[in-house]
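What follows is the residue order along each chain.
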Amino acid sequence: MSFFPSDWEDEEEEEFSGNIEELVLEFEGHRREDFSPRELLEIFRYYSMNQLLPSKGEKGKAHMKMVLELGMNQFPYIPVFAIHMVEILMGEKNYRLARKYISQAKEYNAFEPALFFMESVVLSLEGRKERALEQMNAGLDLAGDDEETLEDFLELLLYYGRFEMAVPVLERALQRGSDVSYILEKWLDISTDKDQIGQIIPLMEKMVDDNPYSEDAWYLLGSAFLELENHEKSLQAFDYAVTINDNFLEAWIGYLESLYETSKYADFIQHYSEQEKRFSNGAFDELMGLLAWSLYETGKMTDSRALYRKVLKRTPQDSESWYSMGLTFHYEQNYAAAIPYLERAYELNPSEPDYGIVLAAAYFGVSEADKWDAMYDILAQEHPEEEEIYLDWGVALHETGDTDRAMEITQTGLKQNPNSYLLMYRLAAICYITGQQAAAEYLLETALSVNAEEHSQMFIFAPELKKAGSLLRIIARFINPGL
């Protein structure tokens, strides 16, 4: 990885055109000591490329450091050698030595912003946030209006995951009119933290305000909202992008995905059909699973399943399509037909709790008691934070006559999820029907204080509670306090 490359071109020398292999042999054989800066950089690049080979990794890194040490000693006024050395040391997490080399380079290059930027990242990686911000701001002052330097610094910050520091740099770059679209797109690709993505939404909105006819700006804004699962806003942004440029394939894909996520299934089918004819064959293959489910949602069951079979034949490792195909039968209560698809989905991706939960429910539907009980047990161990596991497991146990164990499972779920009002309501219901009225009333009041609107969940589980006067009076106090 190399940053600020534009600053290190030696304008006094022509581009290197010699034999790099011979040059490396001269260096390794110590045949001369008067290598030019350009030659040293070419030797360094040779070793850095070779270092990617597993057999030459450590040896290549040692040679890289030797070249850089020579460069720093002979040409201390050219900071590129220190910059590359710091990059290597940051990869080794040797931050103390990295700061030492930066300090030495600053003695000869006191006004080089790149050195301040590198030091700010090193300090940030060490957890010294205040000092890191000081160095960053000093570097920004030295960089002034140099857009290229700002963009290089942004690349550096994103590479090392310094997202919080990148925000003010982005703001400054936008103020100077820099096109940072590609950097923001990298940000979205790298970051998995929704808070970090949320931080750059205002900057993207500013890009749109400054240039409302930029399809790239609208596309990035839509992509950010899609990552944040704000699908109404992503739909609006992608709509602008494809309106400005109706040949923008990636924006169309985002637009279609947003239509799907906002349950506009008929619109999804219509636009998918229209755009599929305009673009090259296979351009929307990644959305075929969404199309299949949209067909199901609009009542085209036969077409939906036919398309799912086509998707599964083409991509047999697509766990989501196996799962969705199973759901089309599961929702019809045709559990025997659903199970093979659900089992395959779970086999491909057992870390997805929904796959296991629905599979267990299907086993219950065909009265496979050993299988559903074992599946719920596995799910509870692997996903103890999923309240739905305990809720469904409790229903299955209660309906098969094991209410005592249903209570035990619900209590376990509540211990794992102490703020789950749904589990509180469930446990209150079980307590009441097993004769523990005082406990039921206490649990009911606790659940109502957390979320009174969901109290009907008790009656779905146990309809007979609609005649429980003491429980109804407690609910009335929360729902109609003025009565």
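A brief structural summary. (Residues numbered from 1 in each chain as written. Predicted model: local features only at pLDDT ≥ 70, side-chain atom pairs only at ≥ 80, totals over all residues. Heavy atoms only, no water.)

Counted by the stated rule, this structure contains 16 salt bridges. For Arg38, the salt bridge identified is with Glu42, shortest N-O distance 4.0 Å. Taken as a pair, Arg38 and Glu42 lie in helix H2 (residues 37-50) at a separation of four residues, close to a single helical turn. Each of the two residues, Arg38 as well as Glu42, counts as buried. Salt bridges sharing partners connect three or more residues here, namely Arg38, Glu42 and Arg45. (Salt bridge = Lys/Arg side-chain N within 4 Å of Asp/Glu carboxyl O. Helix = DSSP H or I, 4+ residues; strand = E, 2+ residues; numbered from the N terminus. Buried < 20%, exposed > 50% of the residue type's maximum accessible area, 1.4 Å probe, protein only.)

A word on the side chain of Asn109. Here Asn109 lies in the loop between helix H5 (95-108) and helix H6 (113-125). Residue classification places Asn109 among the buried positions, given a relative accessible area of 10%.

Together, Asp179, Glu185, Asp189, Asp216, Glu227 and Glu250 make up a region of like negative charge exposed at the surface. Of all the elements in the fold, those that place two or more residues in the negative patch are helix H10 (181-190) and helix H12 (215-227). Along the polypeptide, Asp179 turns up in the loop between helix H9 (163-175) and H10. Asp179 gets classed as exposed once you look at its relative accessible area, which sits at 52%. (Patch = residues over 30% accessible without salt bridge, like charges linked within 9 Å, V, L, I, M, F, W, Y side chains within 5 Å. Areas by Shrake-Rupley, 256 points an atom, 1.4 Å probe, with all protein chains shown as cover. Lys, Arg positive; Asp, Glu negative; His and termini not counted. Charge placed at Lys NZ, Arg CZ, Asp CG, Glu CD.)

Another point: H9. An ideal rise of 1.5 Å per residue puts 18 Å on 13 residues; H9 measures up with 19 Å between its terminal C-alpha atoms. Taken residue by residue, H9 has Phe163, Met165, Ala166, Val167, Val169, Leu170, Ala173 and Leu174 as its buried positions. On its buried face, H9 sits against H6, helix H7 (129-143), helix H8 (147-159), H10 and helix H11 (194-210). (Expected span 1.5 Å × (residues − 1). Contact = heavy atoms within 4.5 Å.)

The next point concerns empty space enclosed by the protein. Taken as a whole and assessed by the stated rule, the structure comprises one cavity of 30 Å³ or more. The space that makes up the largest cavity amounts to roughly 40 Å³. Forming the walls of the largest cavity are Tyr272, Glu276, Ser280, Gly282, Ala283, Phe284 and Asp285. When grouped by side-chain class, the residues that make up the lining of the largest cavity number three nonpolar, two polar and two charged. (1 Å grid on protein atoms, 1.4 Å probe; cavity = no way out; pocket = protein on both sides within 12 Å on 5 of 7 lines; lining within 4 Å. Points joined across faces, edges and corners; volume = space filled by probe spheres on them. Nonpolar A, V, L, I, M, F, W, Y, C, P; charged D, E, K, R; others polar.)

Another point: unusual backbone geometry. With phi around 55°, His30 is a residue other than glycine that occupies positive phi space. Within the secondary structure, His30 sits in the loop between helix H1 (20-28) and H2. His30 gets classed as exposed once you look at its relative accessible area, which sits at 63%. At Gln333, a position not held by glycine, the phi torsion is positive, near 65°.

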